[in-house]
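Structural features, examined
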Amino acid sequence: MDTLLRLEDLTMHYKTKAGWVQAIDNVSFSLHRGQSLGLVGESGCGKTSVAMSIMRLLPYNAKLVKGRVLFGGHDLYTLSDEEVRQLRWKEVAMIFQAAMNSLNPVYSVGNQIVEAIVTHEPETGEDEARERVKSLFELVGIPKERMDHYPHEYSGGMKQRAVIAMALACNPSLIIADEPTTALDVIVQDKILREIEEIRRTINMSMIYISHDVSVIAEVSDIVGVMYAGRLLELGPADDVFKRPKNPYTYSLMNAYPSILGEKHDLVTIPGEPPNLLDPPTGCRFHPRCDWATKECREVEPAWREITKGHYLACHNPVRTEHGTAHNKTARRAPGKGGDGIGTSGGN
Amino acid sequence: MALPAATESKDVILEVSNLSKYYPVNQGFFTRQKSLLHAVDNVSFQVNRGEVLGLVGESGCGKTTTGRLIVRLATPTSGRILIEDTDVAEIKGQDMMEFRQKVQMIFQDPYESLDPRMTIFDIVAEPLNVNGIGTFEEREAQVEEMLSLVGLAPPSAFLFRFPHELSGGQRQRVAIARALVVRPSFVVADEPTSMLDVSIRTGIMKLMAQLREDLGISYLYITHDLAVARYLCDRIAVMYLGKIVELGNSEDIVKRPLHPYTKALISAVPVPDPAIDRPLPNIKGGVSKPIDPKPRCRFYDRCPESADSCAEAENPELRDIGGGHLVACHLL
Ligand SMILES: Nc1ncnc2c1ncn2[C@@H]1O[C@H](COP(=O)(O)OP(=O)(O)OP(=O)(O)O)[C@@H](O)[C@H]1O
Ligand SMILES: Nc1ncnc2c1ncn2[C@@H]1O[C@H](COP(=O)(O)OP(=O)(O)O)[C@@H](O)[C@H]1O
Ligand code: SF4
Ligand code: SF4
Ligand SMILES: [Mg+2]
Ligand SMILES: [Mg+2]
């Protein structure tokens, strides 16, 4: 298969007054051309940091401690700034978290995208760029007459579409979308995600979707990676990870989420909060909150290994039960913990 | 509480009748003509004691406005709100104190609703101070008890911190503690979990369900997340452009929606199963604003099932089609 992006043992820390924040620790994965990866995890677990590392857009206080980011075979961190600028937008584009607020209020939306195109492709003339913006608007479902309108004349959903059009402007091979629809209503979210997916399939583009919403990730991802406290705990084909989660954190996350599907079942609470990354727990970073934790988990960092084809895991005591439709979540939980809760007595 | 026999066995804590709130808006620079935005338009519903009623719908449909009217942060254009048989519009003087204690609102944004210069203790104790409840020692004890109840334990670790020293989830718990410390009987909770992570969110959902059991609180729970509403609410009311279009038991709304809008809304909710290929929601266009709306059905422009007669007819009334399931649609 044609590997487009590959992270090898990526480790990145932020320097702060209180010390080093260990935001990314030994993250490795590969993404093929045309494939979509969904990254899920709680707030602060390092999703945005991974995205920024791939864009090489890290803030000044970030330090690449170890590892490589290979894009199309090139090690991003050995390229010159100029070479990276060439790659950005034309090869990798990003839709930033809360991007709909990032449009410049004093320029029309169309002009901002035209500007982005001519900046990144000096060989493209302004008229040609305008024509391209028209077809991009059509692609993302904004009437092209709205090109010359200003951001404040757009609704939230339209602004988000404009930002997607901007990301698509230079035909990148990969788009990273950080919480692209979190602030939007479900009907708008549904439309936008369908549009992105259709475009992705049509032009064989790769996507990395970042979200804390497992339902959104389930719908758009070919492969799913679960992050916790700066580490990947599990990564594999979406069907596999959702149906047969192996890491207890993945398992809990899948069952902590309310759904409109099926019978109402007990929601699992994951006790406690994610750790402080200034001083992360020893061994498996999830061990203080894990019902499956053993002595080994507290002392030894679990290795990142491939358990079945394309399904990677870091865990000393993988979950064995199937995540079926019965949602019998208490089956493997330690006595006296979790499993209680709302849902069973709800309704009238 | 003495109830007239007609209300049957149900003990109604909140009764909203024909409630409307119109805001004057300027249409363009050159016209002097005032238009009216119908934020809430002739809405009626009840909440029973100990019940959680969910209010769901797209952004701008009037959920927060409805909540603000109930807690008297805004004044209705018309209509009536009764809480425990007292007309909210007529509360004055000393009774206002009691009302402010009995009825609380938890706000949409945990980042903006807490005063950044106050300690957690001061924030949670403030409603007690304002209402002159208890001695200092008693207040201290109540604040500590409330913090433990919302899972901020041990309270001593939080009392003297400031909001920016807490995570989003912890801040939201502080907001809940503050609303509940005066032992309200009715709480309007506006999206209290929407910007939180699942693990924290589930914790807060469970907390609210628990407090309802323990303290007998009734809630109006505002959200646009139908999956959350399904879990937390006994009944769900669906709003569209200022109107309630459907109201019924949560499971009925989620599993057997009847109104064309509710059907579209439910079918747009993403599902946590990659194997399911969710069909395209059946709805046209995008949401607009209810400025000087036509008297017909508000959903007409986007309705995939509309009949020619819907264009001419008045806006359909919400009516019971059996089993307490209410729908506003001419074709049902
Ligand atoms: N003070 C105001 N002046 C003018 N219009 C207002 C005012 N407050 C609200 N509106 C309008 O009333 C309508 C309903 O607003 P409301 O805040 O109740 O929506 P909501 O359902 O809570 O939305 P969201 O899900 O985004 O919180 C919107 O069109 C809004 O723009
Ligand atoms: N510029 C920065 N300086 C210091 N710490 C940071 C910076 N950006 C992020 N962090 C920290 O790095 C960790 C991961 O953050 P982030 O990548 O934003 O997570 P996510 O996107 O999953 O919410 C968090 O502990 C966060 O507080
Ligand atoms: S390694 Fe141990 S602590 Fe970590 S997830 Fe697996 S069982 Fe839990
Ligand atoms: S009344 Fe007519 S337009 Fe309105 S929801 Fe029913 S079918 Fe659609
Ligand atoms: Mg982020
Ligand atoms: Mg609101």
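Everything numeric here is computed off the predicted structure, so don't read it as measured data.

**Side note on the interface of chain B and chain A**
In this complex, chain B contributes 47 residues to the contact, which on the side of chain A involves 42 residues. In this assembly, chain B packs against chain A so that about 4000 Å² is buried in total across both faces, 58% of it on carbon and sulfur atoms. One salt bridge in this structure joins arginine 278 of chain B and glutamate 219 of chain A, with 2.7 Å as the shortest N-O distance. At the level of elements, α6 (198-215), α7 (226-232), α8 (250-255) and α9 (260-267) of chain B are the ones that each hand at least two residues to the side of chain B that touches chain A. It is α6 of chain B that contributes the most residues to the side of chain B that touches chain A, eight residues altogether.

**A closer look at the sheet that holds strand β4 (residues 62-71) of chain A**
Residues and elements named next belong to chain A. Reading across from one edge, β2-β1-β4-β5 is the order of the four strands in this open sheet, with antiparallel pairing throughout. Strands at the two margins of the open sheet, each flanked by one partner only, are β2 (19-32) and β5 (74-75). In terms of strand pairing, strand β1 (residues 3-16) meets β4 through eight bridges, oriented antiparallel. Residue pairing in the sheet places methionine 12 in a bridge with leucine 64 of β4. Docked against the sheet, helix α1 (residues 47-55) engages β1, β2 and β4, running at close to 115° with respect to β1.

**Some thoughts on the side chain of aspartate 213 of chain A**
Residues and elements named next belong to chain A. Inspection of the secondary structure assignment puts aspartate 213 in the loop between β8 (206-211) and α7 (214-220). Here aspartate 213 falls in the buried class, since its relative accessible area comes to 18%. Looking at aspartate 213, its side chain comes within polar contact range of the main-chain nitrogen of serine 215, at 2.9 Å. In this structure aspartate 213 touches Val40 and Tyr257, once residues within four positions along its chain are discounted.

**Side note on the confidence of the model for chain A**
Counting all residues, the mean pLDDT for chain A is 87, and 92% of those residues have values of 70 or more. Note that pLDDT drops below 50 for residues 324-348 of chain A; the model gives that stretch 46 contacts with residues more than four away or on any other chain.

**A look at the nonpolar core**
The biggest cluster of nonpolar side chains holds 100 residues, and the ones touching the most others in it are Leu5, Phe29, Ile113, Leu174 and Ile176 of chain A. A per-element tally of this core places helix α5 (residues 156-168) of chain A first, with eight residues. When residues of this core are assigned to domains, at least three fall in each of domain 1 (36-58 + 80-221) and domain 2 (245-340) of chain A. Setting aside anything within four residues of it in sequence, one finds isoleucine 176 of chain A in contact with Ala51, Ile54, Met55, Val92, Ala93, Met94, Ile95, Ile208 and Ile210 of chain A. By size, the runner-up hydrophobic cluster in this structure holds 68 residues, among which are Ala175, Ala177, Ile266 and Phe299 of chain B.

**Structural notes on the sheet that holds strand β6 (residues 103-106) of chain B**
All names here are of chain B. Strand order in the open sheet formed by eight strands is β6-β7-β8-β3-β9-β10-β12-β11, and the pairing between neighbours is mixed. Two strands close off the open sheet at either side, each with one partner strand: β6 and β11 (319-320). One ladder, built from five bridges, connects strand β3 (residues 52-56) with strand β8 (residues 218-223); its direction is parallel. Note on β8: the bridge partner recorded for valine 52 is tyrosine 219. Of the strands in this sheet, β3, β6, β7 (186-190), β8 and β9 (235-240) are in contact with helix α1 (residues 63-70), which crosses β8 at around 150°.

About the thresholds
- Residues numbered from 1 in each chain as written.
- Chains lettered and ligands numbered in written order.
- Predicted model: local features only at pLDDT ≥ 70, side-chain atom pairs only at ≥ 80, totals over all residues.
- Heavy atoms only, no water.
- Contact = heavy atoms within 4.5 Å.
- Buried area = accessible area lost by both parts, 1.4 Å probe.
- Salt bridge = Lys/Arg side-chain N within 4 Å of Asp/Glu carboxyl O.
- Helix = DSSP H or I, 4+ residues; strand = E, 2+ residues; numbered from the N terminus.
- Pairing = 2+ DSSP bridges.
- Axes fitted to C-alpha atoms, helices over the stretch in contact; angles between N-to-C directions.
- Buried < 20%, exposed > 50% of the residue type's maximum accessible area, 1.4 Å probe, protein only.
- Polar contact = N/O pair within 3.5 Å; in protein donor to acceptor, adjacent residues only side chain to side chain.
- pLDDT = per-residue confidence, 0-100.
- Core = buried A, V, L, I, M, F, W, Y, C linked by side-chain atoms within 4.5 Å.
- Domains from an automatic or database assignment.

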